[in-house]
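Read off the chains here:
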Amino acid sequence: MTGKQEVCPRNEVVLALRARRWSIGKHPKNPSRFFPERVENPESGLPFTISSAVYWLAEEIERGVELKRVILRKPPGAIAWEIVCPLPPNPQNIYVKFQFMGGDVVLRSFHLSDV
């Protein structure tokens, strides 16, 4: 989807995540930095798994975490949504990016923030 989504359809994204209608972006069309195993899950003290990262994302979106709309370079002009927020005890913010296309979520990033 290019340029049309002005507001993230939060409820639809949460439903898609919980219904397992998601995938991890693949190179070269949808490059990703999806590394939940490098982020400590504050609930367990262990690294996130893919499943626990998806669960966390659905919970945060449902709670109203700030989502920033971004325009992607790959694919050009596509819309994605970013989350950058603290996640103690991790030393840096967590960075998450996803796309919502045709009722499915494409997970593009899940890692500690570079900035």
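For the structure, see preceding data.
Cut-off values and rules
- Residues numbered from 1 in each chain as written.
- Predicted model: local features only at pLDDT ≥ 70, side-chain atom pairs only at ≥ 80, totals over all residues.
- Heavy atoms only, no water.
- Salt bridge = Lys/Arg side-chain N within 4 Å of Asp/Glu carboxyl O.
- Helix = DSSP H or I, 4+ residues; strand = E, 2+ residues; numbered from the N terminus.
- Core = buried A, V, L, I, M, F, W, Y, C linked by side-chain atoms within 4.5 Å.
- Buried < 20%, exposed > 50% of the residue type's maximum accessible area, 1.4 Å probe, protein only.
- Contact = heavy atoms within 4.5 Å.
- Lys, Arg positive; Asp, Glu negative; His and termini not counted.
- Polar contact = N/O pair within 3.5 Å; in protein donor to acceptor, adjacent residues only side chain to side chain.
- Phe/Tyr/Trp six-rings, centres within 6.5 Å; stacked < 30°, edge-to-face > 60°.
- Lys NZ or Arg CZ within 6 Å of the ring centre and 35° of its normal.

### Some points on the pattern of salt bridges
1) Next: By the definition in use, this model includes seven salt bridges.
2) Next: Between R33 and D114 there is a salt bridge; the shortest N-O distance is 2.8 Å. Of this pair, R33 sits in strand β2 (residues 33-34) while D114 is found in the segment after β6 (104-112), placing the two residues 81 residues apart along the sequence.

### As for the nonpolar core
1) Next: L17, W56, L57, I61, F98 and F110 are the most contacted members of the largest nonpolar core, which has 29 residues in total.
2) Next: The set of elements that each furnish at least two residues to this core consists of α1 (10-18), α2 (50-63), β4 (79-85), β5 (94-101) and β6.
3) Next: Per-element tally for this core: the top contributor is α2, with six residues.
4) Next: For W56, the residues in contact, after removing those within four places along its chain, are F48, C85, L87, I94, V96 and F110.

### Side note on unusual backbone geometry
1) Next: Here the amide bond leading from K74 into P75 is cis, since omega sits at -15°, within 30 degrees of zero.
2) Next: Looking at the element boundaries, P75 is found in the loop between β3 (68-71) and β4.
3) Next: Positive phi values are uncommon outside glycine, yet R20 reaches one of about 65°.
4) Next: By secondary structure assignment, the location of R20 is in the loop between α1 and β1 (22-24).

### Observations concerning the side chain of E82
1) Next: Inspection of the secondary structure assignment puts E82 in strand β4.
2) Next: Among buried charged residues, E82 stands out as having no salt bridge; its nearest opposite-charge side chain is K68, 4.4 Å away.
3) Next: Within the local environment of E82, its side chain forms a polar contact with the side chain of Y95, the two groups lying 2.4 Å apart.

### Observations concerning the packing of aromatic side chains
1) Next: One pass over the structure, following the stated rule, counts four aromatic pairs.
2) Next: Its end group placed over the ring of F35, R38 keeps NZ or CZ at 4.0 Å from the ring centre.

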